[in-house]
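Fold and contact review
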Amino acid sequence: MTTSRNSAGRILLRIFELFILAVWVFPFLWMVLTSLHLEDEVVAKTFHFFPQHPTLANYIKAFTSTYILNWLLNSIVIAGLTMVMTLIVDAPIAYAFAKIKFKGRNILFWMVMAGMMVPFQVLIIPLYLQFNSYGLINNFMAAVLPRVSLPIGIFILKQFFEGIPDALEESAFIDGANRFKIFRSIILPLGSSALATVTILSFINSWNDFLWPLIVLNDTEKYTITVGIANFQGSHGTQYALILAGAVIASVPQFIFYVIFRKQIVESIALSGIKG
Amino acid sequence: MIPGNKNNRDGLIFSLPFLIVFTLFMIYPLMYGLYISFFKYNILGSSTFIGIKNYISMFHDSKFYSSLWHTLEFVLITTPVLLALGFLMALYVNSKSPFRKAGENIFFVPYIFSMTVVSTLWAWLMQKQYGLFNHVIVSLGGKPVGWLTDPKWAMWSVCIATFWWTAGFNMILMSAGIRQISKEIYESAEMDGASYRQQVTKITIPLLMPTISLCLILQVIASFNVFGQVFVMTGGGPYGTTRVLIQYVYETGFQYFKMGYSAAMSYVLFIIILVSSLLLNKLGGKYDNQ
């Protein structure tokens with residue numbers, strides 16, 4: 001009956017949708033375009049949307065005249081260490097919460113969940129003084145250690161481990177396996193997807209952390225990429241093309257990470273948010 | 001079921017790694033910070049016990065009040081907008097549009113980029129002389145806007161960048177919630193002739209309330225903790241009009257080295273966050289048992 005009107009409306013709707021999506025993508029495009037401009041083109045009187053003389057000079061300059069490569073490596077090391085240690089700390093206790101009926105389990109679980117309510121910002125002064133007294137300021141471990149326990153990770157793992165049938169454990173017990181063997185050869189392999197979720201959350205948290213590495217890592221060459229780029233903006237305030245090239249370099253690893261782990265990232269966020 | 005019940009021993013052993021980390025880097029600093037907050041604590045010199053004087057000082061500190069107000073301003077602006085944006089995006093990615101998959105990626109990707117990349121990028125878009133926004137405004141015959149340098153606009157500019165950055169996170173949560181609503185409810189509503197709008201207002205929103213109230217709490221907590229994007233985009237300026245509480249805590253502690261006062265302020269912020277999330281939780285409590 002009203003097909004023609006409907007389809008005209010639909011086309012308008014699709015155009016509107018595409019417009020919104022284009023607006024949302026645009027800042028990225030603009031970042032890349034700016035980074036390919038010559039510096040004096042960016043601040044020229046006449047405005048050019050596309051670079052008149054596309055150049056990689058800003059990228060070369062970013063790599064040669066700043067510590068950006070160090071920052072990237074630092075971030076990889078810090079996020080990697082945080083990730084591994086989070087699993088070492090979170091997985092066993094999540095297993096204990098899920099499968100071992102020990103004394104004080106409920107109180108302990110309640111304590112872990114309460115820990116989720118404490119904003120990290122409350123801890124920065126005492127933590128700083130603590131690490132200062134250990135002589136660990138400027139040491140990567142200072143950036144890693146306070147970020148290692150991830151209560152939401154424990155929660156996700158516990159939920160998942162609870163779903164693993166008790167019968168599997170029991171038959172392993174009968175075969176003479178002890179808890180450590182069961183944990184290693186049954187729980188961890190079966191829980192690998194939940195472990196991946198927690199790994200990803202921990203990696204993203206650590207990579208994007210700003211305030212804490214800003215406080216404990218003082219030497220420029222020890223910065224993480226997140227702190228480095230912020231600092232970069234402060235000290236090269238007028239070299240826009242260079243700064244944006246830095247931002248593009250900083251976002252490449254994150255983009256690759258997203259492309260590879262898209263599904264798990266989205267799932268881990270849906271899971272941690274909903275169940276949290 | 002378990003031969004030679006060693007549950008208590010095993011429970012302890014498996015909890016131990018976490019307990020060590022948790023005690024050292026959560027419980028101990030939490031207590032220690034509270035302790036410090038009763039001292040005139042200077043990392044470079046000696047410290048003296050001054051009781052609750054740090055807490056009393058806050059009442060006379062105009063910078064504390066203005067930072068608290070800016071934080072609150074940020075919470076009040078970003079929370080409703082980010083919830084609404086997240087919801088609309090979630091509706092969109094669950095619609096029948098052929099671009100819904102692209103939409104999901106496009107809306108979500110900004111969230112995975114670090115705050116500094118996002119802040120740097122938006123600071124450039126909003127740059128007063130050469131930024132794109134003002135190029136467009138000028139070419140349309142307007143006057144350039146001091147997005148980050150005009151006290152009237154600076155907080156809003158930071159908020160706009162934050163909308164773009166984090167709306168995708170709420171989208172993911174709400175989208176997961178929408179997907180849990182059974183398809184049959186929509187199908188029977190459609191058979192009864194319900195329009196899309198009726199389906200959204202009569203089915204989606206009421207059934208999504210548990211997720212929405214969760215998003216609300218997470219959003220309020222996150223917004224109270226705002227720091228990075230303000231620090232990078234405006235540095236708290238112009239004239240301190242965007243200085244938020246975390247930034248003031250940071251400056252007091254690490255630039256003026258008034259660690260005791262800084263710790264005391266962070267505890268006040270903690271209590272504010274705790275009270276507001278408990279209140280919101282209570283408000284949202286009626287949706288809990290679904």
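Above this text sits the structure in question.
Anyway, here's the lowdown on the structure attached to this text. (Residues numbered from 1 in each chain as written. Chains lettered and ligands numbered in written order. Predicted model: local features only at pLDDT ≥ 70, side-chain atom pairs only at ≥ 80, totals over all residues. Heavy atoms only, no water.)

Observations concerning the overall build of chain B
What chain B contains, in helices and strands, is 12 helices and 2 strands. Secondary structure elements of chain B, listed N to C terminal, follow the sequence α-β-β-α-α-α-α-α-α-α-α-α-α-α. Taking 290 residues into account, the globule formula puts the C-alpha radius of gyration at 19 Å, and chain B, at 24 Å, lies well above it. Buried positions account for 56% of the 290 residues belonging to chain B. Considering only intrachain contacts with a sequence separation of at least 6, the fraction spanning at least 24 residues in chain B is 66%. Of the roughly 13,500 Å² that chain B leaves accessible, carbon and sulfur atoms contribute 66%. Placing the 19 positive and 11 negative side-chain charges of chain B at their respective mean positions leaves the two points 9 Å apart. (Helix = DSSP H or I, 4+ residues; strand = E, 2+ residues; numbered from the N terminus. Rg over C-alpha atoms; globule rule 2.2 N^0.38 Å. Buried < 20%, exposed > 50% of the residue type's maximum accessible area, 1.4 Å probe, protein only. Contact = heavy atoms within 4.5 Å. Areas by Shrake-Rupley, 256 points an atom, 1.4 Å probe, with all protein chains shown as cover. Lys, Arg positive; Asp, Glu negative; His and termini not counted. Charge placed at Lys NZ, Arg CZ, Asp CG, Glu CD.)

Describing the state of the cysteines
All names here are of chain B. In the structure shown here, the tally under the stated rule is 0 disulfides over all chains. Counting only cysteine sulfurs, C215 is the nearest neighbor of C159, a cysteine outside any disulfide, at a range of 18 Å. Since its relative accessible area comes to 0%, C159 is described here as buried. C215 gets classed as buried once you look at its relative accessible area, which sits at 1%. (Disulfide = S-S within 2.5 Å.)

Quick look at helix α3 (residues 62–93) of chain B
Residues and elements named next belong to chain B. In a regular helix each residue adds 1.5 Å, so 32 residues correspond to 46 Å; α3 covers 46 Å between its end C-alpha atoms and thus fits that length. The largest bend in α3 comes to about 25°, at T78, with the proline P80 one to four residues further on. N-capping of α3 is provided by D61, with a side-chain oxygen placed 2.9 Å from the backbone N of K63. (Expected span 1.5 Å × (residues − 1). Bend = angle between axes of the 7 residues up to and from the residue. Polar contact = N/O pair within 3.5 Å; in protein donor to acceptor, adjacent residues only side chain to side chain.)

Remarks on unusual backbone geometry
All names here are of chain B. Here G237 and P238 are connected by a cis peptide whose omega angle stands at -10°. Turning to its location among the elements, P238 is positioned in the loop between α10 (228–233) and α11 (245–254). Positive phi, close to 55°, is recorded for Y239, a residue that is not glycine. Within the fold, Y239 resides in the loop between α10 and α11. For Y239, a relative accessible area of 77% gives the class exposed. For F257, which is not a glycine, the phi torsion comes out positive at approximately 55°. Position of F257 relative to the elements: it lies in the loop between α11 and α12 (259–284).

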